[in-house]
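Descriptive analysis of the structure
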Amino acid sequence: MKPKIFVIGSSNTDMVVKSEKLPAAGETILGGTFLMNAGGKGANQAVAAAKLGADVTFVSKVGDDIFGKQAIQGFQKEGINTDFVFTDVENPSGVALILVDAKGENSIAVASGANGNLQISEVAKAIEQISTNDTVLLQLEIPIPTVEFAIKKCYESEAKVILNPAPAQKLDETVFQYLDIITPNETEAELLTGIKVTDLKTAEQAALKFHEKGIKNVIITLGSKGAYLHNSTTNRLIAAPVVQAVDTTAAGDVFNGALAVALSEGNDLEQAIDFACKAAAISVTRMGAQASAPLRSEVV
């Protein structure tokens, strides 16, 4: 039986407006195109992993509303186990408002809703199903105490624990010792280490700070440049394919989902990052979050 991937995180409905440029404060931009898509960092990563052929269980919380029901149906359509997608009768499903410009850059505001009420007790039920060699992928769009609890418990279950520290915010650094991998982008790396990442030299300095905190493997994603890997044996940039981006909304999520898939299949870190860069590069050539994630047959 192949190892499973457990994604513990958020589910949102993305409301997207694509226009020529991002509006400045107080500015109104006319002529945009409106799209409504399934999103949320956790859900995006779960769907990305499932579309790449993994056995995925998603742990999340949605509202008792049309957005929540549609989300669950979408997960099930992708073959994702939704036994631990809980329904919140007091809070609405999460919603993200996303602006995308002609270059594919974006600006996002999130109303967390039910995501902010995912309880430790609920996550604990899912963790009971996690076995040695399974891979667990987490982000930071659910309550931080729930994330910190999950990291420690999954480590105790001898699962491989990957943290995508997005959106950037402070964590209790005692949990870092329980991580196998951390995958910040430049902004998140700066927030967590105090080092502004602008090139490979500063990426290495940030990685060393993460190692001091107890994290063995550091992968700093660098957008179109690729991803920088630093651990006790490797210090290098793994380049991403050159593509014409139209929407970068879920690129990091596709990267993380693909990384988890490749690692669960026994690939080494460099191979897994190369696979993840290829998957993310495909995703930015398409509009949408979950809809942009490629199928396994497309990542060659």
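It should be emphasised that the depicted structure is a prediction, and the values quoted were computed from it without experimental measurement. (Residues numbered from 1 in each chain as written. Predicted model: local features only at pLDDT ≥ 70, side-chain atom pairs only at ≥ 80, totals over all residues. Heavy atoms only, no water.)

A look at the packing of helix α1 (residues 41–51) against helix α7 (residues 251–264)
α7 packs onto α1 with a crossing angle of 45° between their chain directions and a minimal axis gap of 8 Å. Put simply, α1 runs oblique to α7. By crossing handedness, the relation of α1 to α7 is classed as right-handed. In this structure, α1 contributes K41, N44, Q45, A48 and A49 to the contact, and α7 contributes D253, V254, N256, G257 and V261. Of the residues that constitute the contact of α1 with α7, the class distribution is four nonpolar, four polar and two charged. (Axes fitted to C-alpha atoms, helices over the stretch in contact; angles between N-to-C directions. Helix = DSSP H or I, 4+ residues; strand = E, 2+ residues; numbered from the N terminus. Parallel < 35°, antiparallel > 145°, perpendicular 65-115°, else oblique. Left-handed = near helix turned anticlockwise from the far one by under 90°. Contact = heavy atoms within 4.5 Å. Nonpolar A, V, L, I, M, F, W, Y, C, P; charged D, E, K, R; others polar.)

What to know about the UniProt feature "binding site: K(+)" (unreviewed entry) in the protein chain
Listed under "binding site: K(+)" (unreviewed entry) in the UniProt record, and renumbered for this structure, are D247, T249, S283, R286, G288 and S292. In sequence the annotated residues extend across 46 residues, while in space they remain close, none of their C-alpha pairs exceeding 9.7 Å. In this structure T249 comes out as buried when scored by relative accessible area, which is 16%. Those residues in contact with T249 that sit more than four places away from it in its chain are I98, V100, N106 and I108. For G288, the location among the structural elements is in the segment after α8 (269–283). The residues contacting G288, other than those within four sequence positions of it, are N37, D247 and A250. (UniProt positions renumbered as here; feature names shortened; annotations may be inferred. Buried < 20%, exposed > 50% of the residue type's maximum accessible area, 1.4 Å probe, protein only.)

Describing the packing of aromatic side chains
Under the defined criterion, the tally for this structure stands at three aromatic pairs. Ring geometry for F58 versus F75: centroids 5.1 Å apart, planes at 80°, classification edge-to-face. Residue F58 is located in strand β4 (residues 55–63), and its partner F75 is located in helix α2 (residues 66–77); the two are separated by 17 residues in the primary sequence. Of the two residues, F58 and F75, both sit in the buried class. With a centroid separation of 6.5 Å and an interplanar angle of 55°, the aromatic rings of F84 and F86 are classed as tilted. Taken individually, F84 and F86 each receive the classification buried, so the pair is uniform in this respect. (Phe/Tyr/Trp six-rings, centres within 6.5 Å; stacked < 30°, edge-to-face > 60°.)

Points about the nonpolar core
Of all hydrophobic cores here, the largest spans 45 residues; its most connected members are V56, I219, F255 and I273. Looking at this core, the elements with two or more residues in it are β1 (4–8), α1, β4, α2, β12 (226–230), α7 and α8. Element by element, the count of residues in this core is highest for α8, at nine residues. The contacts of V56, once residues within four sequence positions are left out, are I5, V7, A46, A49, A50, G79, I80 and N81. Formed by 40 residues, the second largest nonpolar core is a distinct cluster that contains L118, L138, I195 and V218. (Core = buried A, V, L, I, M, F, W, Y, C linked by side-chain atoms within 4.5 Å.)

A word on the environment of L118
Positionally, L118 belongs in the loop between β7 (106–111) and α3 (120–127). With 138 residues separating them in the primary sequence, L118 and N256 have C-alpha atoms 21 Å apart. Non-local contacts of L118, meaning those with residues more than four positions away in its chain, are made with V59, S60, K61, F86, V123, I142, P143 and T146.

Topic: the UniProt feature "domain: Carbohydrate kinase PfkB" (unreviewed entry) in the protein chain
On the UniProt side, "domain: Carbohydrate kinase PfkB" (unreviewed entry) is annotated at positions that read residues 3–294 here. Counted over residues 3–294, helix gives 32% and strand 25%. Its end C-alpha atoms are 21 Å apart.

So, the packing of helix α5 (residues 186–193) against helix α6 (residues 200–212)
Packing of α5 against α6 leaves a shortest axis separation of 10 Å and a crossing angle of 50°. The angle between α5 and α6 places the two elements in the oblique class. Here α5 and α6 pass one another in a crossing that is left-handed. In this structure, α5 contributes A189, L192 and T193 to the contact, and α6 contributes A206, K209 and F210. For the contact of α5 with α6, the per-class residue count stands at four nonpolar, one polar and one charged.

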